[in-house]
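Letter by letter, the chains look like this.
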There are 2 protein chains.
Amino acid sequence: MPTLDDIREAAQELEGRIHRTPLLTSSALNERFGAELVLKAELFQKTGSFKVRGLLTKLLRLTAAERERGVITVSAGNAAGALAWAARNAGVPATVVMATTAVPAKIDAAREYGATIELVEGDLMAQYERIKDERGLTGVHPFDDEDVITGHASLGLELLADRPDLGTVLVPVGGGGLISGVATAVKLLKPQVRVIGIEPEGADVVSRSLAAGRPQKLPTARSIADGLAAPVCGTRNFPLIQQYVDQVVRVSEQALLEATRLVMSRTKLAVEPAAAAPFAALIEGSIQLDHAGPAAAVLSGGNLDVSKLMLQV
Amino acid sequence: MPTLDDIREAAQELEGRIHRTPLLTSSALNERFGAELVLKAELFQKTGSFKVRGLLTKLLRLTAAERERGVITVSAGNAAGALAWAARNAGVPATVVMATTAVPAKIDAAREYGATIELVEGDLMAQYERIKDERGLTGVHPFDDEDVITGHASLGLELLADRPDLGTVLVPVGGGGLISGVATAVKLLKPQVRVIGIEPEGADVVSRSLAAGRPQKLPTARSIADGLAAPVCGTRNFPLIQQYVDQVVRVSEQALLEATRLVMSRTKLAVEPAAAAPFAALIEGSIQLDHAGPAAAVLSGGNLDVSKLMLQV
């Protein structure tokens, strides 16, 4: 489990390589929800999401031999660009295994950052394992990894550095990568701060894992919040979530859509639906913000599929 | 014609009442266009667009008698919210005449700010004149007004205060309100800075007015950049544009759509299509940024119709 010293060290390694994203406020959102909200604008992070925090931390901590041989990951799209960017930043060759059916823009993004893209059909994981072994590459899991968690935890440090009076932190939840890191940092620093996760009804693997007492796997995970549609809860993330997260709530697809539109129209930030998840929970009334101090909502990313923006005269 | 002293006085009147919007940068956009660009994030302005600058200036300069009786405007929607907000801020009662067919969200926005909404059918202008006369209200034109122009000019002062080395200013063009003010401020301060306007092919009334040597009127003006679809060039705006604007270029609907998506995906700012117009011109290659110094693009607003954001699993 990461200690505060580990997390602080990761934050120092990241400094100057990634953005220190701002905490923004919106009087319209405060008025709408009758609470003081602050927005961690992680959509302005390098590659448009928090993911570079953990992935870059991971790459910077590889051995010299591992760095030279290079890394490999498998991605439906979202982690591909972040790993490719982090690899270029860290000077490590990267290979990304993607399905031939992946969104072309996401393939292009990873390729533009200089990653080797392997487009495969059939069993993605089997192909990934084969290429990894053949080429002697180091596998990088996008969230189920202690260094990745430690890197993501840097976001928690920034939250409390900027607003030491925070009462609550609201974090979108997919496979548990971001929230396991953020909750660890926040609770190690200030145990009285509440940490609440929000996940889509159709991709509620963390809620189910908490109920079952161990990491679960879903047969399918689907949501308009594609960044949260992980079918598994990470084995390294789970115990941290169990220990440090106060509550995980589910939100409907309808609320996710409404929240995305609400945040965009009120803040003029181009959030992806995953980032709007905390507001979906506020819309549905499943979170009460009656705790002392402002609530921080982590706007986790802005990698909206802009081809879905339909405009007509 | 506004003088620098007029404009500076307006800027002082606005100070503390509206936002001093930031100048942002995007390395991805700089790379894409091979130039140093700075983005005036006016989409973060009160009510989500620059319009409050001029309208609030207008209201603050009314006589005590005019303020007491109140103001009236006619709007297809965009100016309605800005006038209603400005009126509340200035403590002036406001009436907005809108068509019954106006976008409900825009009617609601104006109503929420406390304006009296008159929904009318048939000839909007005739109904507006009738209500204005019956109630003794002062009419406020959204752009063809010297005080409005002077207020909009405050944006030009801010540009040069933040980046005295600017070489070019790129301004979206509808009826000429914003560009007439910005160009006046910029050229009075630094005549060597280029000011370029960008308007949609399907709403090119300013280009046509410049070609004809006098303000023109279009039978129809349509564009996905609804904020720029003005059918008339203001009579007070036209001479300032003639004198101070170096060039006005037209952009296609396809380029406007592409530019909106490009700016959103690269900057994570929820721009409305009007605000992306400068980038439409850069995409089409109709503007060369070979002038010394960075180019400022005015991101004029973020009042995107979010119901057009289609998201599906």
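Bear in mind that the values here come from a model prediction, so they are computed numbers and not experimental data.

Our next topic: the overall build of chain A. Each helix and strand in chain A was counted, giving 13 helices and ten strands. Summarising its shape, the C-alpha atoms of chain A cover approximately 55 × 55 × 40 Å along the three principal directions. Per-residue burial over chain A gives 58% buried out of 313 residues. Taking the intrachain contacts of chain A between residues at least 6 apart in sequence as the baseline, contacts between residues at least 24 apart amount to 73%. Just so you have it, chain A exposes about 12000 Å², and 47% of that area is on carbon and sulfur atoms. Taking the average place of the 32 positive charges on the side chains of chain A and the average place of its 36 negative ones, the gap between the two points comes to 1 Å.

Take the relation of the copies chain A and chain B next. Turning chain A through 180 degrees and shifting it by 0.0 Å along the axis lays it on chain B, with an RMSD of 0.0 Å. The superposition of one copy onto the other is thereby described by a two-fold rotation axis. Comparing contact sets, 100% of the residues at the interface of chain A also lie at the interface in chain B, consistent with an isologous, same-surface contact.

This part takes up the interface of chain A and chain B. How large an interface is tends to be reported as the accessible area lost when its parts come together. Listed by partner, the interface residues are 28 residues for chain A and 28 residues for chain B. Counting each side, the surface lost to burial between chain A and chain B is near 2800 Å², with a carbon and sulfur contribution of 68%. Run the count over chain A and chain B and you get eight residue pairs in polar contact (both at pLDDT 80 or more). Here the side of chain A that touches chain B is composed, by residue class, of 14 nonpolar, nine polar and five charged.

In terms of nonpolar packing, the biggest core is built from 78 residues, with Met264, Val271 and Phe279 of chain A together with Met264, Val271 and Phe279 of chain B touching the most fellow members. Not counting the four nearest positions on each side in its chain, Met264 of chain B is found in contact with Met264, Ala270, Leu304, Val306 and Leu309 of chain A together with Leu269, Ala270, Val271 and Leu304 of chain B. In this structure, Val38, Val193, Ala203 and Val298 of chain B belong to the second largest nonpolar core, which totals 32 residues.

This paragraph deals with the side chain of Arg194 of chain A. The topology assignment puts Arg194 of chain A in strand β8 (residues 194–200). In this view, Arg194 of chain A contacts Gly167, Thr168, Val169, Lys187, Asp246, Gln288, Leu289, Asp290 and His291 of chain A; residues no more than four positions away in its chain are not counted.

Moving on to the UniProt feature "domain: Tryptophan synthase beta chain-like PALP" (unreviewed entry) in chain A. Within the UniProt annotation, "domain: Tryptophan synthase beta chain-like PALP" (unreviewed entry) is assigned to residues 17–292 of chain A. Span residues 17–292 of chain A is 46% helix and 15% strand, its end C-alpha atoms 34 Å apart.

Residue and element names in this part refer to chain A. Under the domain assignment, chain A is made up of domain 1 (4–50 + 145–310) and domain 2 (52–139). For domain 1 and domain 2, the distance between their C-alpha centroids amounts to 24 Å. At the junction of the two partners, domain 1 supplies 27 residues and domain 2 supplies 17 residues. Across the interface of domain 1 and domain 2, roughly 1700 Å² is buried in total on both sides, 51% from carbon and sulfur atoms. If you sort the residues of domain 1 by the area they bury against domain 2, Arg17, Thr47 and Asp147 come out on top, with a joint share of 33%. Applying the counting criterion to the domain 1 and domain 2 interface returns seven salt bridges.

Residues and elements named next belong to chain A. Read across the open sheet, the six strands follow the order β1-β2-β10-β7-β8-β9; overall the sheet is mixed. Both outer strands of the open sheet, β1 (23–24) and β9 (247–251), are each paired with one neighbouring strand and no more. Pairing analysis gives five bridges linking β8 to β9, with the strands arranged parallel. Pairing of Glu199 across the sheet is with Arg250, part of β9. Helix-sheet contacts for helix α9 (residues 177–189) involve β7 (168–172), β8 and β10 (295–299), and the interaxial angle to β8 is about 170 degrees. Relative to the sheet, helix α10 (residues 205–212) contacts β8 and β9, its axis offset from that of β9 by approximately 135 degrees.

What counts and how
- Residues numbered from 1 in each chain as written.
- Chains lettered and ligands numbered in written order.
- Predicted model: local features only at pLDDT ≥ 70, side-chain atom pairs only at ≥ 80, totals over all residues.
- Heavy atoms only, no water.
- Helix = DSSP H or I, 4+ residues; strand = E, 2+ residues; numbered from the N terminus.
- Buried < 20%, exposed > 50% of the residue type's maximum accessible area, 1.4 Å probe, protein only.
- Contact = heavy atoms within 4.5 Å.
- Areas by Shrake-Rupley, 256 points an atom, 1.4 Å probe, with all protein chains shown as cover.
- Lys, Arg positive; Asp, Glu negative; His and termini not counted.
- Charge placed at Lys NZ, Arg CZ, Asp CG, Glu CD.
- Least-squares fit on C-alpha atoms with pLDDT ≥ 70 in both.
- Buried area = accessible area lost by both parts, 1.4 Å probe.
- Polar contact = N/O pair within 3.5 Å; in protein donor to acceptor, adjacent residues only side chain to side chain.
- Nonpolar A, V, L, I, M, F, W, Y, C, P; charged D, E, K, R; others polar.
- Core = buried A, V, L, I, M, F, W, Y, C linked by side-chain atoms within 4.5 Å.
- UniProt positions renumbered as here; feature names shortened; annotations may be inferred.
- Domains from an automatic or database assignment.
- Salt bridge = Lys/Arg side-chain N within 4 Å of Asp/Glu carboxyl O.
- Pairing = 2+ DSSP bridges.
- Axes fitted to C-alpha atoms, helices over the stretch in contact; angles between N-to-C directions.

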